[in-house]
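Inside the fold
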2 protein chains.
Amino acid sequence: MPSTLGSALATDLYQLTMAAGYFHRGMQAHVATCELFVRRLPKPRRFLLALGLDDVARHLEALRFTAEDIAFLAELPPLKSAMTPAFQAYLRDFRFTGDLWSIPEGTVVFENEPWLRVRAPIIEAQIVETFALSLVNHLTMVGSKAARVVLAAGGRACVEFGTRRTHADAAVDAARAAYAAGFVGTSNVEAARRFGIPVLGTAAHMWTMAHATEEEAFRGYFEVFPSSTILLIDTYNTPRGAMRAARVCRERLRGVRLDSGDLGALAREVRGILDAEGAGQAKILASGDLNEHSIAALVASGAPIDTFGVGTELVCSVDAPSLGGVYKLVELDDGRERRPMAKFSEGKGSFAGVHQTYRITDADGRFDRDVLALDDEGPPTLAGGQLAHALLAPVLVGGSRRAPVSSLDEIRARSAASLAALPAVIRDLAPPQTNEDRYPVEPSARLRIVTDEVRRRFVADGA
Amino acid sequence: MPSTLGSALATDLYQLTMAAGYFHRGMQAHVATCELFVRRLPKPRRFLLALGLDDVARHLEALRFTAEDIAFLAELPPLKSAMTPAFQAYLRDFRFTGDLWSIPEGTVVFENEPWLRVRAPIIEAQIVETFALSLVNHLTMVGSKAARVVLAAGGRACVEFGTRRTHADAAVDAARAAYAAGFVGTSNVEAARRFGIPVLGTAAHMWTMAHATEEEAFRGYFEVFPSSTILLIDTYNTPRGAMRAARVCRERLRGVRLDSGDLGALAREVRGILDAEGAGQAKILASGDLNEHSIAALVASGAPIDTFGVGTELVCSVDAPSLGGVYKLVELDDGRERRPMAKFSEGKGSFAGVHQTYRITDADGRFDRDVLALDDEGPPTLAGGQLAHALLAPVLVGGSRRAPVSSLDEIRARSAASLAALPAVIRDLAPPQTNEDRYPVEPSARLRIVTDEVRRRFVADGA
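Residues numbered from 1 in each chain as written. Chains lettered and ligands numbered in written order. Predicted model: local features only at pLDDT ≥ 70, side-chain atom pairs only at ≥ 80, totals over all residues.

The next point concerns the overall build of chain A. Each helix and strand counted, chain A has 17 helices and 19 strands in total. Projecting the C-alpha coordinates of chain A onto the three principal axes gives extents of approximately 80 × 60 × 35 Å. With 463 residues in all, chain A has 56% of them scored as buried. Relative to all contacts within chain A whose residues are 6 or more apart in sequence, the contacts with residues 24 or more apart total 72%. (Helix = DSSP H or I, 4+ residues; strand = E, 2+ residues; numbered from the N terminus. Buried ≥ 20, exposed ≤ 12 C-beta atoms within 10 Å, placed from the backbone. Contact = placed C-beta atoms within 7 Å.)

Structure below.
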């Protein structure tokens with residue numbers, strides 16, 4: 001979780017100016033319902049793996065304006081003029097008192113499906129936005145990429161190696177996202193400490209170069225780590241490196257790492273050498289700008305690689321390097337009337353009202369389609385043998401925790417089950433081309449009617 | 001700066017296993033020199049703006065293994081077996097005692113030019129790697145994108161709006177990077193507090209929708225913030241929004257924001273409305289997935305936009321979403337001999353030995369070319385009227401600070417001067433196609449000779 005979790009200042013200024021505005025306009029008692037979702041999946045994606053949701057609940061529980069925060073804001077233009085004693089007192093006593101509904105972290109999601117629903121006095125609902133989007137956009141981006149890598153690896157192990165390619169704090173959470181999506185471990189030591197994730201390490205080229213010969217480097221490493229020796233063998237010549245590694249460690253060699261060259265061809269050659277030299281037990285780990293496509297190709301070619309180390313492409317999600325999660329007002333209750341809401345600016349329309357997503361599965365839990373419905377209309381009528389699962393459930397009610405925080409292992413198990421239950425076409429790694437490549441998300445008849453009504457009123461309001 | 005700054009565990013495990021290895025092999029007194037650089041610029045980039053360097057020095061000054069860190073590592077496989085009392089004592093007393101040389105933060109850099117040089121006992125030099133790369137890769141990626149946006153804006157103001165699209169901690173540092181590169185401010189309140197960056201805010205669609213009418217929303221905002229009203233006018237219909245904003249605030253309207261539609265055409269129409277309705281002083285701010293290319297097009301078309309708000313494309317550096325900075329051993333002194341080093345694995349060659357970069361300028365400071373030389377050979381011989389500027393200078397010597405930390409304003413001024421001194425072709429925003437589009441970086445004759453010698457020895461060592 002970010003170090004700024006629970007901090008009221010880790011936000012966009014306009015959340016605070018609008019909060020001051022609602023306060024001075026006497027709108028504190030208005031109750032807003034907002035939903036977090038993506039309007040469209042990133043172009044190369046057929047699904048997203050929603051992560052970061054539990055941290056939103058933690059943030060809301062912890063959210064306070066400290067005396068230091070308030071003193072800073074009291075001098076900050078343009079907020080300064082609105083920092084009256086009454087508003088300062090409001091901020092001092094601020095607690096999140098609303099309801100938070102969430103889908104379970106580690107759930108596969110699609111476009112227009114709410115991942116989070118916040119129903120709270122309007123100031124509280126407003127100031128959630130920026131931090132919740134930061135959490136969810138970043139972790140879901142990394143986790144969704146990681147899920148694709150895991151699918152590509154087809155049961156072989158994947159390890160997260162990306163710390164050096166992203167912000168040092170983001171790296172710790174990226175390691176968590178990768179593990180949640182099915183990676184077996186990370187190289188990041190802080191992630192191991194914070195989240196209990198298995199941590200893996202080999203050696204770098206510098207170790208080899210710091211010794212007079214490659215053999216001396218291997219022998220030296222083996223002396224210090226006799227039961228966990230994984231040697232990097234591509235510093236000079238990979239097959240020769242494999243031979244030396246096998247001869248130094250024999251049946252105690254844990255593994256070798258390849259980090260350059262034609263990984264598939266080298267893995268075959270290295271496997272042969274290791275087996276011939278009495279190191280048949282040694283695993284082969286490959287790294288070097290790998291992504292889901294190069295891993296799928298290596299797996300398809302039958303390359304004898306046991307573990308893939310994935311860094312840059314994962315933590316920066318290179319083919320889809322941003323995620324456009326949004327947080328939108330869907331209902332407003334001003335004390336007189338409770339109205340479904342939506343905005344219909346150019347190219348940015350969404351469904352109006354408070355939503356629930358029903359995931360329709362067969363009796364074995366395989367996903368068939370999702371139905372997006374108004375929250376109060378209940379599950380759709382189904383054909384025999386099908387089941388409807390409501391995805392959103394309460395986490396905080398009146399600011400108090402209703403549902404326990406999932407452990408990382410629970411989230412990881414849920415991700416694995418989600419991925420396994422996806423239709424094969426949605427697990428395909430190629431960018432979707434036609435509607436056949438897209439998971440069906442169907443709005444209910446009532447949702448369409450209400451959205452049309454809201455659109456008509458919206459256009460009239462704007463006139 | 002990341003919350004993990006100074007933490008010894010914010011690293012890849014293999015840095016610690018190698019450290020233990022050097023320790024148990026009795027190599028503590030070997031002195032390694034490592035350099036941080038990029039082998040190649042990202043494809044769409046003609047230059048990089050180096051940022052994050054001062055935080056590396058801060059990290060090295062603060063770097064400690066706490067008792068808690070050591071206790072954790074003592075139980076962590078595979079390090080556990082190497083955590084002898086002697087090594088634990090070494091970690092307990094660990095301080096960075098080496099030398100750090102750096103180019104000034106906010107310097108424009110090119111391929112193969114060292115940004116940082118660490119000369120230290122090998123364990124210290126080794127464990128710097130991961131954290132230094134995290135800092136420098138992330139901030140330089142964002143800062144380099146920001147510099148392009150600033151160039152595209154041609155003197156118009158740019159504001160950083162990306163917090164919701166990146167990790168919450170990374171967002172604070174991204175705001176700093178954007179400001180260093182020439183942005184005028186950020187929406188991130190924590191960045192304002194931590195770095196003193198000007199913070200800007202407008203209002204969101206939710207403010208408008210939470211009121212019965214757009215006019216009521218505008219009037220309400222104006223009442224609370226009479227001297228800083230910037231209104232978002234695209235919720236319903238942008239020209240009507242402009243009219244309403246002008247009529248509500250008249251000569252006190254600070255600005256309006258456009259966030260959708262054809263920004264150029266709308267800006268023209270809105271400018272006309274504001275001027276006709278007595279709000280000629282009001283500025284127009286445009287936002288909505290802007291990048292350097294769309295901004296350059298808007299500027300070229302003469303669109304009357306005063307300020308550009310840039311978020312996603314900036315903080316995720318969408319067209320070049322990772323930066324491949326590396327940290328490589330360039331010299332090793334094992335007490336008997338001091339040898340220049342380099343690695344020549346497939347496609348990954350670099351220059352051997354300890355380097356200095358000389359930036360060759362004319363008398364007015366305009367950049368002509370860079371010369372990459374061995375550190376001990378001094379500046380190149382130049383034609384009349386040219387000057388050679390050595391880019392690397394000592395920051396820490398024997399672990400103690402030699403050079404003061406630059407203020408953010410100093411870094412910002414340096415960035416501006418760097419960008420202004422670039423040849424016009426290097427400031428061009430199109431991806432480089434030919435060598436004419438690339439800034440000349442020339443290795444010295446001696447550097448080539450030494451690198452060839454090291455390559456021959458390297459191949460022989462590997463035999």
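This part covers helix H15 (residues 408-421) of chain A. Residue and element names in this part refer to chain A. With 14 residues, H15 should cover 20 Å at 1.5 Å per step; its first-to-last C-alpha distance of 20 Å lies within 8% of that length. Considered for burial, the residues of H15 that qualify are Ile411, Arg412, Ser415, Ser418 and Leu419. Down the axis of H15, the buried set is contained in an arc of 125°. They therefore lie on one face. Opposite the buried face of H15, at more than 90 degrees from it, the exposed residues are Asp409 and Ala420. (Expected span 1.5 Å × (residues − 1). Arc of directions from axis to C-beta.)

Glancing now at the sheet that holds strand E19 (residues 441-443) of chain B. Residue and element names in this part refer to chain B. An order of E16-E14-E15-E19 is seen for the four strands of this open sheet, with the pairing classed as mixed. The outermost strands of the open sheet, each flanked by one partner alone, are strand E16 (386-390) and E19. Each strand of the sheet is rotated relative to its neighbour by a mean of 25°, with strand direction disregarded. Where strand E14 (residues 355-362) meets E16, five bridges bridge the pair, whose relative direction is antiparallel. If you follow Thr361 over to E16, its bridge partner there is Leu387. (Pairing = 2+ DSSP bridges. Axes fitted to C-alpha atoms, helices over the stretch in contact; angles between N-to-C directions.)

Both copies of the chain are related through a single rotation about an axis accompanied by a shift along the same axis. Under the fitted operation, chain B is carried onto chain A by 0.0 Å of movement along the axis and a turn of 180°, and the coordinates agree to an RMSD of 0.0 Å. What the superposition gives is, in effect, a two-fold axis relating one chain to the other. Mapped onto chain A, 99% of the interface residues of chain B again fall at the interface, so both copies present the same surface. (Least-squares fit on C-alpha atoms with pLDDT ≥ 70 in both.)

Residues and elements named next belong to chain B. Where helix H11 (residues 238-249) contacts helix H12 (residues 263-276), the two axes come as close as 9 Å, and the packing angle between them is 25°. Classified by the interaxial angle, the pair formed by H11 and H12 is roughly parallel. The way H11 lies across H12 gives a crossing that is right-handed. Where H11 abuts H12, its residues Thr238, Pro239, Ala242, Met243 and Ala246 lie against Leu266, Glu269, Val270, Ile273 and Leu274. Of the residues contributing to the contact of H11 with H12, the split by class is eight nonpolar, one polar and one charged. (Parallel < 35°, antiparallel > 145°, perpendicular 65-115°, else oblique. Left-handed = near helix turned anticlockwise from the far one by under 90°. Nonpolar A, V, L, I, M, F, W, Y, C, P; charged D, E, K, R; others polar.)

All names here are of chain A. Within the open sheet, the six strands sit side by side as E7-E6-E11-E10-E9-E8. Their pairing is parallel. The strands lining the two open edges of the sheet, one partner per strand, are strand E7 (185-186) and strand E8 (230-232). As defined by bridge partners, strand E10 (residues 283-286) adjoins strand E11 (residues 307-310) across two bridges and the pair is classed as parallel. Residue pairing for E11: Leu285 is matched across the bridge by Thr307.

All names here are of chain A. The geometry of helix H7 (residues 168-180) relative to H15 is characterised by a closest axis approach of 8 Å and an angle of 50° between their N-to-C directions. Classified by the angle their axes make, H7 and H15 are oblique. The segment H7 lies against H15, with Arg176, Tyr179 and Ala180 engaging Leu408, Ile411, Arg412 and Ser415. Split into classes, the residues belonging to the contact of H7 with H15 amount to four nonpolar, one polar and two charged.

Here we come to the pairing of E14 of chain B. Sheet topology note: the E14 of chain B/strand E15 (residues 367-374) of chain B ladder contains seven bridges and is antiparallel. Note that in E15 of chain B the partner of Arg359 of chain B across the bridge is Asp370 of chain B.

Time to look at the environment of Arg156 of chain B. Residues and elements named next belong to chain B. Of note, Arg156 is situated in the loop between helix H6 (129-153) and strand E6 (157-160). In sequence terms Arg156 and Ile233 are 77 residues apart; their C-alpha atoms lie 21 Å from each other. In this structure Arg156 touches Val299, Ile305, Asp306, Thr307 and Phe308, once residues within four positions along its chain are discounted.

Bringing the pairing of E11 of chain A into the picture now. The two faces of the sheet receive side chains in turn, since in a regular strand these alternate between them. Residue and element names in this part refer to chain A. Taking every second residue as pointing to the same face, both faces of E11 are buried, with Thr307 and Gly309 on one and Phe308 and Val310 on the other. The sheet contact formed by strand E6 (residues 157-160) and E11 spans four bridges and is parallel. If you follow Cys158 over to E11, its bridge partner there is Phe308. Handedness of the β-α-β unit built from E10, helix H13 (residues 292-300) and E11 comes out right-handed. (Right-handed = clockwise from strand over helix to strand, strands pointing away.)

Turning to the confidence of the model for chain A, a few remarks are in order. When pLDDT is averaged along chain A, the result is 96; 98% of the residues meet or exceed 70. We note a pTM of 0.97 for the whole complex and an ipTM of 0.97 for its interfaces. (pLDDT = per-residue confidence, 0-100.)

The next subject is the environment of Arg244 of chain A. All names here are of chain A. On the secondary structure map, Arg244 appears in helix H11 (residues 238-249). A residue is classified by how many C-beta atoms lie within 10 Å of it, and Arg244, with 23 of them, is buried. Considering only alpha carbons, one finds Arg244 and Glu277, 33 residues apart in sequence, at a separation of 9.5 Å.

On to helix H1 (residues 13-24) of chain A, then. Residue and element names in this part refer to chain A. Taking 1.5 Å of rise per residue, the 12 residues of H1 would be expected to cover 16 Å, and the 17 Å separating its terminal C-alpha atoms lies within 8% of that figure. For H1, the tally of buried residues reaches 10 of 12 residues, placing the bulk of the element in the interior. Of all the positions in H1, only Leu13, Tyr14, Gln15, Leu16, Thr17, Met18, Ala19, Ala20, Gly21 and Tyr22 are classed as buried. Positive backbone phi, approximately 70°, marks Gly26, located one or two places after H1.

What follows deals with unusual backbone geometry. With an omega dihedral of 5°, the bond running from Pro77 of chain A to Pro78 of chain A counts as a cis peptide bond. Phi at Ser317 of chain A takes a positive value of approximately 40°, unusual for a residue other than glycine. With respect to the helices and strands, the residue Ser317 of chain A is situated in the loop between helix H14 (312-315) and strand E12 (325-333). If you check the backbone angles, Asn112 of chain B has positive phi at about 70° while not being a glycine. Inspection of the secondary structure puts Asn112 of chain B in the loop between strand E4 (107-109) and strand E5 (116-121).

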